[in-house]
Amino acid sequence: MTATSDFRTPTTSRADSEPNSPKSGHTSGHISEIHGLRGIALALVVAFHLFGNGRVSGGIDVFLVISGFLATRSLVGRAERHQVRLGEHYGRTFARLAAPALIVLAATAALMVVLIPQTLWTQTTREIVAAATYTLNWELIASQLSYGAAGPSSTPVQHFWSLAVQGQFFLVWPLVVVGLALVLRIAARGPLRGRLTLARVLFVLTAAAFAVSFVYAIKVSGSDQAAAYFNSITRFWEIAAGALAALALRRLSLPERIRPYAAWTGLALVVTCGFVMDGADHFPGPLALWPVAGALLVMVGSTPSPRGPRRLLETRPLRFVADISYELYLWHWPLLIAWLYYTGGDRLTVASPAGVLVVSTLLAWATNRLVTRQVQTYVIRPGGPRALVATLAALVVAVGAGWSGLVAIDHSENRAIATAARLATADPFTTECLGAASLAASTAGGSCLNPDLHGELIPAVAAIGEDDDNRGQCWSFEERPVRFSACPNGVTEGYEKRLLMVGDSHAVAPVGALDLIGDQRNWRIDVAARAACHWNTRPLGQDIADNRPACAEWNRQLEAYLRAPEQKDLDAIIVTHSARKTTQPLGGETPYESTVEGLVEAWSHRPSKSVPVIALVDNPMFEPDNAAYLRTTLGCIQRHSPETAGEACGRPRTDVLVKDPHRDAVPRDPNAHLIDLTRLFCGDEVCPAVIGNVIVYRDGNHITSRYARTLAPYLSRELARVID
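First things first, this report covers the structure right here in the doc. (Residues numbered from 1 in each chain as written. Predicted model: local features only at pLDDT ≥ 70, side-chain atom pairs only at ≥ 80, totals over all residues. Heavy atoms only, no water.)

### Focus on the overall build of the chain
Looking only at helices and strands, the chain has 27 helices and 10 strands in total. Considered along the principal axes of its C-alpha atoms, the chain spans approximately 100 × 55 × 50 Å. Taken across its 724 residues, the chain has 57% of its residues classed as buried. In the chain, of all internal contacts separated by at least 6 residues, the share reaching a separation of at least 24 is 80%. (Helix = DSSP H or I, 4+ residues; strand = E, 2+ residues; numbered from the N terminus. Buried < 20%, exposed > 50% of the residue type's maximum accessible area, 1.4 Å probe, protein only. Contact = heavy atoms within 4.5 Å.)

Structure follows, in structure tokens:
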């Protein structure tokens, strides 16, 4: 999805009074359609964000073209007359951009504290600082975020990436134009004076930069679409297209008779772009020529003829939207994301987009009237260095506040992590009411109260993503060629029993519990796992088909490992995997049936049938992905106390329990056994999100290492029942 700000030149600004300004209306260079085009592009951006589930409309591309066009027309004209004062120009440009932007960023910081889980505070604050300094696009590339539809993966200031691209252009382009003008005044003497004009040389250089940027955009889009989408260099060709049009129109123009048709064609391209394609998957590659060409055709087709679209583009509704377009763009996105966090939904309902639109429009209008216009009147219009000094001062304060916020967040997180860490080291075999012990007590009809746990949450919300005992040597991830790996847990020498646990990422989540069990019973428990894979003779299902060859190779290496002489002392093989992951069915089978058949066949390949297979039923799963879990469940936990969050943020048992194929595979093997710990995850109706002051899940489908450790006493007894 995409969005962009409207870096417009307000109608009352000094730039508009310049003879060569496209908005002055006093010369033939005036293009009335631009303001209305801006309104249509912004309306499309907002509409697709709110009502189209974030589908890219091409509005950003239109705005980039307009920015290049207007900035070049104004700068070249003034540079030719030696009237560019860089300090005043930068102050005038950035004062009107920074004032409303900083207001919105401050409001977004407040929304972050109220609605967004603490796990995202540091990244969101970093993005706020980057947005204030027009570097957000590079921050997003560095942090490897993807800009998708408005939803769980989106932070509330990601839309500022497009403002960053244009802000960088507004910072560099005046230096290019003024520097080139100075060089030409020195170098172009004699017969070259008439030929090496600023407009001609700039046109050639811009055309070359356009070509380089366009080729680079194609190259990067093919290898890393997300990075290409944010990159200022890959985006420059769209800005350069507007700049080239501005330079070309100084001497060339379309015949009057075809201008209306060109303008209508361009308008049609702009309006239809988002309906025909989703630019998030293609822009800024060649398909971005669709909206870019549309914007250019509207501008070069400008005509007062009634056959053209000027009357439409000058209607009051479009003028109103265009007048507040920058502010509306700034407000609508953080309000949209805030609403999604507040409701915990993946997308807006039918009625809520209208509500977000109304509130955004009211705030945009108020910001335009009370902030933008006042800055224009009292800061920009008097001229001189006032605007630049005020802008720099405001940015220094904003960046200082942002960095102070990062320090405060870091201090708060460290304090919460330290508090949780003290309790997390408690022995689950002896500590009452901690984690699973609490649910076990209530299930048995008793009560559970441990005053040491009151008000404490383990792990700290800020550290939820790092709450993982898994070690790299425990599993095979994305390496090529596939490398089978196993890690020992518990006692590694002089052990009484030796077990092997195999499966996918759900097999490595309880590594900490296996360590405790091994130490307590003098066992060695090895773990060997493969991401999105498990011990099965059938190929993986369609949802993970790209992992099939690697998974098949891992299974071959697993069975070779089991046949090795040093594995003859195995006392049991524990198996588990995500119950959502099924295998490819044969004729007449369901994916579930195929998975059961593949499990039974795989177990039959173990070297000795005397070695029991112990199948561990998979844990409930709250969300399919981490981003949704952060916004929904973890956001809910943050808004409640540790004592109330469990039920308040829990899910109905029927919604989160997935039918596990191990249940049907175990009865078909005479030496296979089932361990079902569901009673330690769910009550009769609800599966709590917090149990015994311990957060159960770290990302929606993997349990936290802290909760896994509290399962150790119960898993230990179940394992001993089978192998002792």
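### Overview of the packing of aromatic side chains
Inspection of every chain in the model, using the stated rule, returns 17 aromatic pairs. The interplanar angle of 55 degrees and the centroid separation of 6.2 Å between the aromatic rings of W173 and F236 together place this pair among those described as tilted. Placement of W173 in helix α6 (residues 160–187) and of F236 in helix α9 (residues 232–248) is noted, with a sequence separation of 63 residues between them. Judged by its relative accessible area of 6%, W173 falls in the buried class. (Phe/Tyr/Trp six-rings, centres within 6.5 Å; stacked < 30°, edge-to-face > 60°.)

### Observations concerning the packing of helix α2 (residues 59–80) against α9
Between α2 and α9, whose axes approach to 7 Å, the crossing angle comes to 45 degrees. Between α2 and α9, the angle is such that the two are oblique. As for the relative orientation of α2 and α9, their crossing is right-handed in sense. Only R235, E238, I239, G242, A243, A245, A246 and L247 of α9 make contact with α2, whose side of the interface consists of I60, D61, L64, V65, G68, F69, T72, R73 and V76. Here the residues of the contact of α2 with α9 sort into 10 nonpolar, three polar and four charged. (Axes fitted to C-alpha atoms, helices over the stretch in contact; angles between N-to-C directions. Parallel < 35°, antiparallel > 145°, perpendicular 65-115°, else oblique. Left-handed = near helix turned anticlockwise from the far one by under 90°. Nonpolar A, V, L, I, M, F, W, Y, C, P; charged D, E, K, R; others polar.)

### Brief notes about the pattern of salt bridges
Using the criterion set out here, one finds 20 salt bridges in the structure. Between E238 and R235 there is a salt bridge, with the nearest N and O atoms lying 3.0 Å from each other. Highlighted residues: E238 and R235, both in helix α9, separated by three residues, approximately one helical turn. By relative accessible area, which is 0% here, E238 ends up buried. The class for R235 is buried, based on a relative accessible area of 0%. A salt bridge links D467 to R706, with the shortest nitrogen-to-oxygen separation between them at 3.0 Å. Here the residue D467 occupies a position in the loop between α17 (436–443) and β1 (475–476), and R706 occupies one in helix α26 (residues 705–710), the gap between them amounting to 239 residues. Members of the salt-bridge network, linked through shared partners, are R498, R524, D526 and D569. (Salt bridge = Lys/Arg side-chain N within 4 Å of Asp/Glu carboxyl O.)

### Things to note about the state of the cysteines
For the structure on display, the rule yields five disulfides. There is a disulfide in this structure between C682 and C687, and the S-S distance comes to 1.8 Å. Because the torsion about its S-S bond is 95 degrees, the bridge between C682 and C687 counts as right-handed. Taken in N- to C-terminal order, the disulfide-linked cysteines of the chain are connected 1-2, 3-4, 5-6, 7-8, 9-10. (Disulfide = S-S within 2.5 Å.)

### Here's the deal with the side chain of R96
The residue R96 is located in helix α3 (residues 86–115) in this model. One polar contact links the side chain of R96 to the main-chain carbonyl oxygen of R92, over a distance of 3.1 Å. (Polar contact = N/O pair within 3.5 Å; in protein donor to acceptor, adjacent residues only side chain to side chain.)

### Overview of the packing of helix α14 (residues 325–343) against helix α15 (residues 352–380)
Between α14 and α15, whose axes approach to 8 Å, the crossing angle comes to 140 degrees. By the angle between their axes, α14 is oblique relative to α15. The hand of the α14/α15 crossing is right-handed. Where α14 abuts α15, its residues E327, L328, W331, H332, L335, L336 and W339 lie against S352, V356, V359, S360, T361, L363, A364, T367, N368 and T372.

### Quick notes on the sheet that holds strand β3 (residues 523–530)
An order of β1-β3-β2-β4-β5-β7 is seen for the six strands of this open sheet, with the pairing classed as parallel. Whereas interior strands pair on both sides, the edge strands pair on one side only; in this sheet they are β1 and β7 (672–675). Of the pairings in the sheet, the one linking strand β2 (residues 497–503) to strand β4 (residues 572–576) comprises five bridges and is parallel in character. In the sheet register, G503 faces β4, and the bridge partner there is T576. (Pairing = 2+ DSSP bridges.)

### A word on the side chain of H332
If you trace the backbone, H332 turns up in helix α14. By relative accessible area, H332 is classed as buried at 0%. When sequence neighbours within four positions are dropped, the list of residues in contact with H332 reads V46, H49, V356 and S360.

### Re the pairing of strand β5 (residues 613–616)
Side chains V613 and A615 of β5 all project onto a buried face; the interleaved residues I614 and L616 project onto the opposite face, where all are buried too. After leaving β4, the chain enters helix α21 (residues 591–603) and then returns to the sheet as β5, a path that is right-handed. (Right-handed = clockwise from strand over helix to strand, strands pointing away.)

### Concerning the environment of L449
The topology assignment puts L449 in the loop between α17 and β1. You can call L449 exposed: its relative accessible area is 74%. Taking C-alpha positions, L449 is 36 Å from K497, a pair spaced 48 residues apart along the chain.

### Remarks on a nonpolar patch on the surface
Among the surface-exposed residues, W138, Y216 and I233 lie close enough to one another that they form a single nonpolar patch of about 270 Å² accessible area. Among the secondary structure elements, I233 is positioned in helix α9. Judged by its relative accessible area of 45%, I233 is partly exposed. (Patch = residues over 30% accessible without salt bridge, like charges linked within 9 Å, V, L, I, M, F, W, Y side chains within 5 Å. Areas by Shrake-Rupley, 256 points an atom, 1.4 Å probe, with all protein chains shown as cover.)

### Topic: α14
Across its 19 residues, α14 extends 27 Å between first and last C-alpha, which sits within 8% of the 27 Å expected from 1.5 Å per residue. With respect to burial, α14 is a largely interior element, 16 of its 19 residues being buried. (Expected span 1.5 Å × (residues − 1).)

### Quick word on the environment of A288
By the element assignment, A288 lies in the loop between α10 (259–276) and α11 (289–300). Placed 230 residues apart in sequence, A288 and G58 show a C-alpha to C-alpha distance of 7.5 Å. The residues touching A288, leaving out its near neighbours within four places in the chain, are D61, W237, E238 and F283.

### Focus on unusual backbone geometry
Put simply, F283 and P284 share a cis peptide bond, and its omega is 10 degrees. Tracing the backbone shows P284 in the loop between α10 and α11. Here the residue pair I458 and P459 is connected by a cis peptide bond, since its omega of -10 degrees sits within 30 degrees of zero. If you trace the backbone, P459 turns up in the loop between α17 and β1.

### Quick look at helix α20 (residues 548–563)
In this model, α20 (16 residues) spans 23 Å end to end at C-alpha, consistent with the 22 Å of a helix rising 1.5 Å per residue. All of the buried residues in α20 are A550, C551, W554, N555, L558, E559, Y561 and L562. Where α20 is buried, its residues touch β1, β2, β3, β4 and α21.

### What to know about the environment of A71
Take A71: it is sitting in helix α2. For A71, a relative accessible area of 14% gives the class buried. Spatially, the C-alpha atoms of A71 and W173 are 8.2 Å apart, while their sequence positions differ by 102 residues. Setting aside residues no more than four positions away along its own chain, A71 makes contact with F169 and F170.

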